[in-house]
Protein chains: 2
Amino acid sequence: MTAKRHLSAYGYEQTKALAFTQYGEPKDVLKLHSHSIPPASKDLVTLRFLASPINPADINQIQGVYPSRPTFSTTLGAPEPTAVGGNEGVAEVLSVGGNVKNFSRGDWVVMRLPGFGTWRTHAQTTVENLVRITDKTDLSPVQVGTASINPCTAYRMLLDFVSPNPDKNDWFIQNGANSGVGRAAIQLGKLWGYKSINIIRARADEAETERTKNELLALGADIVITDAEAQSREFRSQVAEWTNGGREKVRLALNCVGGPLVNSMAKILADSSRVVTYGAMSRKPVSVPASLQIFKDIGFDGFWVSRWAEAHPEQKAKTLEHVLQLTREKKFVDVPVSETRWDYETKGETLIEAVQGTLDGFRHGKGVFVFGNT
Amino acid sequence: MTAKRHLSAYGYEQTKALAFTQYGEPKDVLKLHSHSIPPASKDLVTLRFLASPINPADINQIQGVYPSRPTFSTTLGAPEPTAVGGNEGVAEVLSVGGNVKNFSRGDWVVMRLPGFGTWRTHAQTTVENLVRITDKTDLSPVQVGTASINPCTAYRMLLDFVSPNPDKNDWFIQNGANSGVGRAAIQLGKLWGYKSINIIRARADEAETERTKNELLALGADIVITDAEAQSREFRSQVAEWTNGGREKVRLALNCVGGPLVNSMAKILADSSRVVTYGAMSRKPVSVPASLQIFKDIGFDGFWVSRWAEAHPEQKAKTLEHVLQLTREKKFVDVPVSETRWDYETKGETLIEAVQGTLDGFRHGKGVFVFGNT
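As the structure is a computational prediction, the values presented were derived from the model and not from experiment.

Student: I'd love a proper account of the overall build of chain A, names of residues and values included.
Tutor: A count of helices and strands for chain A gives 13 helices and 17 strands. Taking 374 residues into account, the globule formula puts the C-alpha radius of gyration at 21 Å, and chain A, at 22 Å, falls close to it. For chain A, the spread of C-alpha atoms along the three principal axes comes to 75 × 40 × 40 Å. Burial status across chain A gives 55% buried among its 374 residues. Summed over all atoms, the accessible surface of chain A reaches about 16,000 Å², with 50% contributed by carbon and sulfur. Taken together, the 43 basic and 40 acidic charged side chains of chain A have centroids lying 2 Å from each other.

Laid out in structure tokens, this is it:
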């Protein structure tokens, strides 16, 4: 945290940002942009980023297919309106203007809303855009920088779409269980008394599938199966076996995949349960049989943590604090990450490759920029 | 209401019931069954039916494809377990046993739950199965006998899935607008301040389509269009026009059809609105795009008035009373009916034809058995 600063002759921060001026594939439109930031004055704070993840939604945003648009502005000193990639991250306060209250040098902050642009070494902003981390004890930048989106998504879906006091025999089921949200749901569900049936995509390499299963079991998953197993004829009777002949109920389904796999999940739910969709990795729609809706009262909802955070800013801050508290107590383990170090000298192509790599095939762990000597 | 009674030498009520011993097509499995009922004693009441509608769900129940099963019993005096068709209806109390409180001769009653079997001239039962109509002033048997299912369905969907205090510019949209539920929704919505976009199926005979449009407009519909119009490219811009450039919001969609028509409705909803499915006339599932769910927070629920009534018996009784009150005040008009009179002498084939006719093509008005001299 005591990185060397790169200052100009006038005390301006020499900064870099991974930015774009038009929508397209990251490798085609992202450029590493250099500019400088004057000392923070009045209501402004200057931030130095510590860790910023690369989420799939960040890629969709650069492609122009994500409903939450980035902020295009000329404040980077570029000749045309430019947006900085990335929506999540943690930064350290380097300096504060004279009017700033409640934020001090050395504080850690995360972004209140998406669209801030977190793939940059530094930023200058007003404090309305920031949430201060009240206690960073025993937490790493990667832990804090990846807590806002995936763990909060899992947290709210498990609490807001079922009873917050599950019976000790209640279950939930999810697909994409290996995702950041999936791993968070397994752990939070376990803490709150839910058992879980977890569906993962079968890999060509069986040993890889087995390894993922074991990872999720170690996190607290009760059952881990492949998508093929979930769509097999035996699935229903297996569920009955796991749930003590159906005496235990599956009360929630979390879906980030889409397509017919969702029907397999919906069919084994207890009456009056909900299927919550927060992603669509297969790009296939969910086909809902009317009978499930009418006669079993199965509801199909969507969840988008950005919308929720915008509507419930205080609850968002509390949720994040709770996730960080659980992390600190080692009750909640962050996802495996694949770090890309970003120093002052790091080349643009290295950074852009890290972004593009999120799109291309499998990578073990979530991509994160970890800022070093910037 | 002072029909001649058909009593046996021992004072037994000579009664008839349209009944079946196995599932199948109504014309194949329904038989007009004669039996007799002893005088009501102890906790029993004897009922004489006044009006019993023929709902499409009644047919599905006879076909064995409806989740609410009829009650098969040997109380009709038949050699094998026999079920009586029909789930809705109004009856008059003919006599009460000595232990019966709060019900008297001459009272009108409706069934608390489906599965009672209402296509019969008489029945004997305990009062837990009945809801007493507290005020039948100015109401006809057909009005009371058809109020439990369709109007209550529309009533709850309009109240329970959107704010009960709509802004005066709020809209809802529905398909199958010509159905009993659809007609009830138009009228109740209007009373509660909702404007409505109503989708009907285009008939081969254009004059017929036009006639239906005019009927719904006369009930209070703001817009009536055909399914083809709702699926046209211009639909979205037309909705914008109707809703004052989108400043007025469409906050609810009611679906009893299914298939792609539902997507046309869902796409024009305001963020965080719900699509409520209560039927599936096209037998096609609803295909839900994830983006509508996640980014627009459009939820897809089902509604089944039988389940709701079972869970909320008091609210059900109040809802029914309110519908009847609105009917009495002429604020709510019952659906057009196609009456089949059922007298002591009426032949089984006439009655069975009336049931089968509900399946075959279009009939203007809802089929209802109106009991005469039984």
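Student: Run through unusual backbone geometry, naming residues and quoting values.
Tutor: Residues and elements named next belong to chain B. Positive phi values are uncommon outside glycine, yet Asp138 reaches one of about 60°. Given the relative accessible area of 61%, Asp138 is considered exposed. Here the phi dihedral of Asn244 falls at roughly 60°; this positive angle occurs in a residue that is not glycine. Mapping Asn244 onto the fold places it in the loop between helix H8 (235–242) and strand E12 (250–255).

Student: How would you sum up the sheet that holds strand E1 (residues 13–20) of chain B? Please name residues and give values.
Tutor: Residues and elements named next belong to chain B. Overall, antiparallel pairing links the three strands, which are arranged E2-E1-E4 in an open sheet. Single-partner strands in this sheet number two, and they are strand E2 (31–37) and strand E4 (83–84). Summarising the sheet, E1 and E4 pair through two bridges and their orientation is antiparallel. For Ala19, the partnering residue across the bridge sits in E4 and is Val84.

Student: Give a detailed account of the interface of chain A and chain B, specifying residues and quantitative values.
Tutor: Across the boundary between the two partners, chain A contributes 28 residues, which contact 28 residues of chain B. For the pairing of chain A and chain B, the buried interface totals around 2,100 Å² over both sides, and the portion due to carbon and sulfur atoms is 55%. When the buried surface of chain A facing chain B is broken down by residue, Ile294, Phe295 and Arg307 of chain A rank first, second and third, together holding 29% of it. The interface formed by chain A and chain B holds four salt bridges in total. Between Arg274 of chain B and Asp301 of chain A there is a salt bridge; the shortest N-O distance is 2.5 Å. In this structure, the connection of chain A to chain B is made through eleven residue pairs in polar contact (both at pLDDT 80 or more). Listing elements by their share of the side of chain A that touches chain B, those giving two or more residues are strand E13 (274–277), strand E14 (286–288), helix H10 (290–296) and strand E15 (299–302) of chain A. By residue number, the principal contributor to the side of chain A that touches chain B is H10 of chain A, which donates five residues.

Student: Please provide a residue-by-residue account of helix H2 (residues 56–63) of chain A, values included.
Tutor: Residue and element names in this part refer to chain A. Restricting attention to buried positions, one finds in H2 the residues Asp58, Ile59, Gln61 and Ile62. Mapping the buried residues of H2 onto a view down its axis gives an arc of 160°, with all of them on the same face. The inward-facing, buried residues of H2 contact strand E1 (13–20), helix H1 (26–29), strand E3 (44–54) and helix H13 (348–359). Within two residues after H2, Gly64 carries a phi angle of roughly 85°, on the positive side.

Student: Run through the nonpolar core, naming residues and quoting values.
Tutor: Core analysis: the biggest nonpolar cluster contains 129 residues, and Ile173 and Phe300 of chain A together with Ile173 and Phe300 of chain B have the highest contact counts within it. Beyond its immediate sequence surroundings of up to four residues, Ile173 of chain A is in contact with Ile197, Ile199, Phe235, Val250, Leu252, Ala253, Leu254, Met265, Ile268 and Leu269 of chain A.

Student: Account for the relation of the copies chain A and chain B, with residues named and values stated.
Tutor: Its rotation angle being 180°, the transformation that places chain A on chain B also includes 0.0 Å of axial translation and leaves an RMSD of 0.0 Å. In symmetry terms, the pair is related by a two-fold rotation axis. Of every C-alpha in chain A, the one belonging to Ser287 of chain A sits nearest the axis of rotation, 2.1 Å from it. Both copies contact each other with a shared surface, as 100% of the interface residues of chain A are interface residues in chain B too.

Student: Requested: an account of the state of the cysteines, with residues and values cited.
Tutor: All names here are of chain A. Following the criterion strictly, the structure yields zero disulfides over all chains and no others. Left unpaired, Cys152 is separated from the closest cysteine sulfur, that of Cys256, by 17 Å. Overall, the relative accessible area of 0% leaves Cys152 in the buried class.

Student: Run through the pairing of E12 of chain B, naming residues and quoting values.
Tutor: Residue and element names in this part refer to chain B. For E12, a buried count of five out of six residues is recorded, marking the element as mostly surrounded by other parts of the structure. Here strand E9 (residues 171–174) pairs with E12 via three bridges, running parallel. The residue bridging Trp171 from the neighbouring strand is Val250, located in E12. Sheet topology places E12 next to strand E13 (residues 274–277); four bridges connect them, and they run parallel. Note on E13: the bridge partner recorded for Leu252 is Arg274. Between the parallel elements E12 and E13, the chain passes through helix H9 (residues 261–267) in a crossover that is right-handed.

Student: Mind laying out the pattern of salt bridges, listing which residues take part and the relevant values?
Tutor: All names here are of chain A. Within the structure shown, the criterion is met by 36 salt bridges over all chains. Between Glu92 and Arg48 there is a salt bridge, with the nearest N and O atoms lying 3.5 Å from each other. In this pair, Glu92 is assigned in strand E5 (residues 90–96) and Arg48 in strand E3, connecting sequence segments 44 residues apart. Relative accessible area serves as the criterion here: at 9%, Glu92 is assigned to the buried category.

Student: I'd like to hear about the side chain of Thr46 of chain A, residue by residue, with values.
Tutor: Mapped onto the elements of the fold, Thr46 of chain A is located in strand E3. Residues within four places of Thr46 of chain A in sequence aside, it is in contact with Ile37, Pro38, Ala40, Glu92, Val93, Leu94, Ser95, Ala123 and Gln124 of chain A.

Student: Explain the packing of aromatic side chains to me, and be specific about the residues and the numbers.
Tutor: This structure, assessed with the given rule, holds 30 aromatic pairs over all chains. On the numbers, 4.7 Å between centres and 80° between planes, the contact of Phe295 of chain A with Trp304 of chain B is edge-to-face. Taken together, the residues span two chains, with Phe295 of chain A in helix H10 and Trp304 of chain B in the loop between strand E15 (299–302) and helix H11 (305–311). An aromatic cluster is present here, built from Phe49, Phe116, Trp119, Trp342, Phe369 and Phe371 of chain A joined pairwise through their rings. The lysine or arginine in question, Lys16 of chain A, covers the ring of Tyr344 of chain A, its NZ or CZ lying 4.6 Å from the ring centre.

About the criteria used
- Residues numbered from 1 in each chain as written.
- Chains lettered and ligands numbered in written order.
- Predicted model: local features only at pLDDT ≥ 70, side-chain atom pairs only at ≥ 80, totals over all residues.
- Heavy atoms only, no water.
- Helix = DSSP H or I, 4+ residues; strand = E, 2+ residues; numbered from the N terminus.
- Rg over C-alpha atoms; globule rule 2.2 N^0.38 Å.
- Buried < 20%, exposed > 50% of the residue type's maximum accessible area, 1.4 Å probe, protein only.
- Areas by Shrake-Rupley, 256 points an atom, 1.4 Å probe, with all protein chains shown as cover.
- Lys, Arg positive; Asp, Glu negative; His and termini not counted.
- Charge placed at Lys NZ, Arg CZ, Asp CG, Glu CD.
- Pairing = 2+ DSSP bridges.
- Contact = heavy atoms within 4.5 Å.
- Buried area = accessible area lost by both parts, 1.4 Å probe.
- Salt bridge = Lys/Arg side-chain N within 4 Å of Asp/Glu carboxyl O.
- Polar contact = N/O pair within 3.5 Å; in protein donor to acceptor, adjacent residues only side chain to side chain.
- Arc of directions from axis to C-beta.
- Core = buried A, V, L, I, M, F, W, Y, C linked by side-chain atoms within 4.5 Å.
- Least-squares fit on C-alpha atoms with pLDDT ≥ 70 in both.
- Disulfide = S-S within 2.5 Å.
- Right-handed = clockwise from strand over helix to strand, strands pointing away.
- Phe/Tyr/Trp six-rings, centres within 6.5 Å; stacked < 30°, edge-to-face > 60°.
- Lys NZ or Arg CZ within 6 Å of the ring centre and 35° of its normal.

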